[in-house]
Amino acid sequence: MTATNIGRFDPITLEVLWTRLISVVDEAAAALVRTSFSTVVRESHDFSCVITDADGRSLVQATDSIPSFIGTLPATIQHFLKEIPASELEPGDIIATNDIWQGTGHLPDISVGMPIFFEGRLVGFAGSTAHAPDIGGKIRSPEPREVFEEGFQIPIMKIVNAGKPDETFLRLLRKNVRVPDQVVGDLWAQVTALELMEDRVQTLMREYKLATLADLAAEIRERSERAMRAAIRDLPDGVYKSALKTDGLGVPLDLKVTLTIAGDEVHADFTGSSPQVDRAINCAMCYTYAMTAYAVKCAAAPNLPNNDGATAPIKVSAPAGSIVNPVFPASGGSRALTGHFVPTLIYGALAQVVPERVSAGTGSPLWCINQTGVRPDGRSYVSLFFFNGGMGGTVSKDGESCLSWPSNISSTPTEVIEQLAPMRIHYRRMRPGSAGQGKYRGGLGQDILIENLAQGTSAVSFLAERTKSPAPGVAGGRDGATGELRINGEPVDPKRQHTLKTGDMILLSTPGGGGYGKPEERDSALAEQDRVRGMV
């Protein structure tokens, strides 16, 4: 990196412009939530909003955005430019895709981008990714064997051309999903966010007489990169290895990384990880990279702004055809069941040299339930609700209970579930004893007992992990409790789709987080508090 142009803006002006950009993407995120149709966006906040420069390099991301999209969405906009050159873009164009390898790793995430023009010149892009409530195909589960089974694929294409929607595309999309009003409604909510970002950026440029965003983008990116490289230099040089096992498919899957810290750069090599499988738990490289970069940034410079400068010193490689770098036509709809282990794997390497900067293992990947069926009036429905386990303890505090990490998706409120789906929640409570013990214990998982009220039969599938492999403790801390999934009291395979009848009962018991430090070093007052609160 060269820093010869650092200082284009005085510090006060730069701070004002940077704060304005944050407010723009945060306002767009709020608009997306307010105008969305599905609980996935409105309640669980599974989305992202970003602004990039004219080359697709990220400047700023909304505060509430999903962490993985820091790495995936700018790369998607760069793919847009490769497919549709800047010379073929017009004001009012909107480009979209849900391609596994060019997007986020699975089809439900629809990524859209809108070129921002100012005085006739392309100056940047407004971008958004949002998890659609349905994308057709087999109900979301680990079962599909290849991407063709997983739903409607959107190649990189203009879905709005110079302000005119592609009605053929919209008709095809509506025909191929179970809840077309929600899916298309969320897509237009994303468009609303894009248009808001476009308007606010143009206003900013007029106010500050900026002919282009190039200088501002370079200033932000270069400062972030300098800070990130300085933070990496503070980490001890060396080669650090880490390995873990996931529940897998009948037999565990191996995830391995060799993390090399050399000067001001980090390289993560996933050689030795299991080969890709003929189930939908493969994790595309775009997602592997994003989760790796996120973990390194959390440990090295957690407060650094999220943009391409912060991720520039982080390199990732993995053998083609591996579980963390699958090749076409691999399925990946449940890629979180692999990808959410990547930050824990990276932390396992960093714990060898900077244990004070990492947390113990988390009771994630996040859990969710997917149900689909037909209403009495003949309309299809699909429900997708999230439930979280416990976070790992850290060097200074207990892990949070029932909180998602490395994603920041919110658990769906009980009232929303009962209002929108044929389900009754009999109880939803902390899971005593699920936290890994330590000087600082892990967070607790939760127990949720759900009664199926759907008339006739309905299909249900789950995303659930750590039913065999617990969240590991760190620095002498104990492992968290594994999760459990039962239907009518009997353990079931969370990787398979199941058929429910009216009155069937589902019990989800999410995993607890690992403990940090030796349990005998725990403060006696904290231990007594846990006992009084019924946490142990």
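One can find the structure itself at the top, above this paragraph.
Criteria and cut-off values
Residues numbered from 1 in each chain as written. Predicted model: local features only at pLDDT ≥ 70, side-chain atom pairs only at ≥ 80, totals over all residues. Heavy atoms only, no water. Helix = DSSP H or I, 4+ residues; strand = E, 2+ residues; numbered from the N terminus. Buried < 20%, exposed > 50% of the residue type's maximum accessible area, 1.4 Å probe, protein only. Phe/Tyr/Trp six-rings, centres within 6.5 Å; stacked < 30°, edge-to-face > 60°. Lys NZ or Arg CZ within 6 Å of the ring centre and 35° of its normal.

Describing unusual backbone geometry
Point 1. Residue Phe-328 is joined to Pro-329 through a cis peptide bond whose omega torsion reads 5°.
Point 2. Note that Pro-329 resides in the loop between strand 11 (314-317) and helix 9 (336-339).
Point 3. In the segment running from Trp-405 into Pro-406, the intervening peptide bond is cis, with an omega of 15°.
Point 4. For Pro-406, the position within the fold is in the loop between strand 13 (380-387) and helix 11 (414-420).
Point 5. Positioned with a positive phi, Ala-162 is a non-glycine residue whose angle comes to about 50°.
Point 6. Here Ala-162 is to be found in the loop between strand 6 (157-161) and strand 7 (164-165).
Point 7. Residue classification places Ala-162 among the partly exposed residues on the basis of a relative accessible area of 42%.
Point 8. Even without being a glycine, Lys-209 presents a positive backbone phi close to 50°.
Point 9. If you trace the backbone, Lys-209 turns up in the loop between helix 5 (180-207) and helix 6 (214-233).

Some thoughts on the packing of aromatic side chains
Point 1. Applying the stated criterion across every chain, the model contains 5 aromatic pairs.
Point 2. Seen in terms of ring centroids, Phe-148 and Phe-328 are 5.6 Å apart; in terms of plane orientation they differ by 90°. Their pairing is edge-to-face. Here Phe-148, found in the loop between strand 5 (121-131) and strand 6, pairs with Phe-328, found in the loop between strand 11 and helix 9; they are 180 residues apart in sequence, far enough to count as distant.
Point 3. You can call Phe-148 partly exposed: its relative accessible area is 48%.
Point 4. The exposure class of Phe-328 is exposed, given its relative accessible area of 53%.
Point 5. Counting every residue linked through ring pairs, the aromatic cluster contains Trp-101, Phe-148 and Phe-328.
Point 6. One Lys or Arg, Arg-335, reaches over the ring of Tyr-287 and ends 3.8 Å from the middle of that ring.
Point 7. The ring of Tyr-427 is capped by Arg-429, whose NZ or CZ atom sits 3.6 Å from the centre of that ring.

Function cannot be inferred from these measures alone, as they are strictly geometric.
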